[in-house]
Amino acid sequence: MSAVGSMGWSTAETLAALDGGRTGLRPSDQLDGLSLSLPFPTVVGAVPGSLPALAPSDRAYDTRLARIGAMALSEVRPALDRALARWVPRRVAVLVGTSTGGLDATEAAYRHWCETGGPEGGAMPTGYDLATQHDFNALGVLVRRMTGASGPTYVVSTACSSSGKVHASAMR
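Along each chain, the written sequence defines residue order, and numbers are assigned to residues from 1. The predicted nature of this model means local features are confined to residues of pLDDT at least 70 and side-chain atom pairs, given and counted, to a pLDDT of 80 or more, with totals for whole chains, interfaces and linings taken over all residues. Side-chain calculation: all heavy atoms of the structure are included, whereas hydrogens and water are not.

Draft legend 1. Geometry of the overall build of the protein chain. Helix and strand counts for the protein chain come out as six helices and four strands. Helix and strand definitions here come from DSSP, where helices need a minimum of 4 consecutive H or I residues and strands a minimum of 2 consecutive E residues; each element is numbered from the N-terminal end. For the protein chain, the α and β elements follow one another from N to C terminus as α-β-β-α-β-α-α-α-β-α. The C-alpha radius of gyration computed for the protein chain amounts to 17 Å, which stays within 12% of the reference 16 Å derived for 172 residues, consistent with globular compactness. When the backbone C-alpha atoms are referred to their principal axes, the protein chain occupies close to 55 × 40 × 25 Å. Residues count as neighbours in contact if any of their non-hydrogen atoms are within 4.5 Å of one another. Restricting to contacts in the protein chain with at least 6 residues of sequence separation, those with at least 24 account for 54%. Values of accessible area rely on a 1.4 Å probe in the Shrake-Rupley scheme; residue burial ignores everything except the protein chains shown. Of the accessible surface of the protein chain, which amounts to about 10,300 Å², a share of 57% is contributed by carbon and sulfur atoms. When charges are counted, Lys and Arg are positive and Asp and Glu negative, with His and the chain ends excluded. Throughout, a charge is located at the NZ atom of Lys, the CZ atom of Arg, the CG atom of Asp or the CD atom of Glu. Charge separation in the protein chain, taken as the distance between the mean sites of 15 positive and 14 negative side-chain charges, equals 13 Å. In this setup the radius of gyration rests on C-alpha atoms only. A globule is expected at 2.2 Å times the number of residues raised to 0.38.

If you want it as structure tokens, here you go:
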């Protein structure tokens, strides 16, 4: 199991925040490395800071979510490598939970489309791909690519309950 979220970049950081009674909510204008401009004051639960880049071979999947997924994967990679060595890759499933897909990349692409003419000839930005950057299943496909696992892929996206739901599904 791995947890990356607004309370920390690892399961240990998340558990320490929970044990310490700390929240992951921050004012929307205080999100180190994340630009979130809103016309009203609010708090959000977003992974803080600038996230490590994906490998060049995975650039087609590059979104904030994919970078968070890669961070979470690094925490469970030793156990995953043991599973891949013990069982063949087609018997290792990939189950991940998400709440946003690649929404950040899609919102940026939409803004670009609007700024370049919208319905009267607007263009999507070069490099944007709905299938690899927005589709909720893209994260599962990326994890398969990164690990070599080739069993079933299951992505749960139920907003805030996704991580809990995917862990329950994995246990079944």
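Once you've had a look at it, read on.
Draft legend 2. Representation of the pattern of salt bridges. The salt bridge definition used is simple: a Lys or Arg side-chain nitrogen within 4 Å of an Asp or Glu carboxyl oxygen. One pass over the full model with this rule turns up three salt bridges. Here D58 makes a salt bridge to R145, at a shortest N to O gap of 3.2 Å. Highlighted residues: D58 in the loop between β2 (43-44) and α2 (64-86) and R145 in helix α5 (residues 138-147), separated in sequence by 87 residues.

Draft legend 3. Up close: the environment of L38. Of note, L38 is situated in the loop between β1 (26-27) and β2. Each C-alpha atom of the pair L38 and S28 lies 7.6 Å from the other, and the pair is ten residues apart in sequence.

Draft legend 4. The arrangement of α5 in detail. Working definition: with a 1.4 Å probe on protein chains only, accessible area under 20% of the residue-type maximum means buried, over 50% means exposed, and in between means partly exposed. Within α5, the full set of buried residues consists of A138, L139, G140, L142, V143 and T147. Buried residues in α5 make contact with α2, β3 (94-97), α4 (130-133) and β4 (153-156).

Draft legend 5. How the structure looks around the pairing of β3. Covered by surrounding structure in β3 are V94 and V96 only, the residues L95 and G97 on the alternate face being uncovered. When DSSP locates at least two bridges between a pair of strands, those strands are taken to pair. Sheet analysis places β3 next to β4, joined by four bridges and oriented parallel. By the bridge assignment, V96 is partnered in β4 with V155.

Draft legend 6. Local environment of the packing of α2 against α5. To obtain an axis, a line is fitted to C-alpha atoms, over the contacting stretch when the element is a helix, and the angle between two such axes runs from 0 to 180 degrees between their N-to-C directions. Between α2 and α5, the least distance of the axes is 10 Å, while the angle of their chain directions is 45 degrees. For the element pair α2 / α5, the angle class is oblique. Judged by the sense of rotation from one axis to the other, the crossing of α2 with α5 is right-handed. Contacts between α2 and α5 involve L65, A66, G69, A70, L73, R77, L80 and L84 on the former and, on the latter, L139, L142, V143, M146 and T147. Split by residue class, the contact of α2 with α5 holds ten nonpolar, two polar and one charged. Angle categories: roughly parallel below 35 degrees, roughly antiparallel above 145, roughly perpendicular from 65 to 115, and oblique for all the rest. Crossings are assigned a handedness: left-handed for a near helix turned anticlockwise from the far helix by less than a right angle, right-handed for a clockwise turn. When residue character is reported, Ala, Val, Leu, Ile, Met, Phe, Trp, Tyr, Cys and Pro are called nonpolar, Asp, Glu, Lys and Arg charged, and the others, Gly included, polar.

Draft legend 7. The arrangement of α2 in detail. With 23 residues, α2 should cover 33 Å at 1.5 Å per step; its first-to-last C-alpha distance of 32 Å lies within 8% of that length. Bend is the name given here to the angle between axes fitted to two runs of seven residues, the run ending at a residue and the run starting at it. The sharpest bend along α2 measures roughly 60 degrees and falls at V76, with the proline P78 sitting one to four residues further on. Residues of α2 that are buried include every one of R64, L65, A66, I68, G69, A70, M71, A72, L73, L80, A83 and L84, and no others. Those residues of α2 that are buried lie in contact with α3 (103-115) and α5. To estimate the expected span of a helix, subtract one from its residue number and multiply by 1.5 Å.

Draft legend 8. Structural view of the side chain of T147. Along the polypeptide, T147 turns up in helix α5. N or O atoms closer than or at 3.5 Å make up a polar contact, with two conditions inside protein: a donor-capable atom paired with an acceptor-capable one, and, for residues adjacent in sequence, both atoms drawn from side chains. There is a polar contact of 2.8 Å between the side chain of T147 and the backbone oxygen of V143. Here A149 takes part through its backbone nitrogen, which lies 3.1 Å from a polar atom of the side chain of T147. Apart from the residues within four sequence positions on either side, T147 is in contact with L73, R77, L80 and L84.

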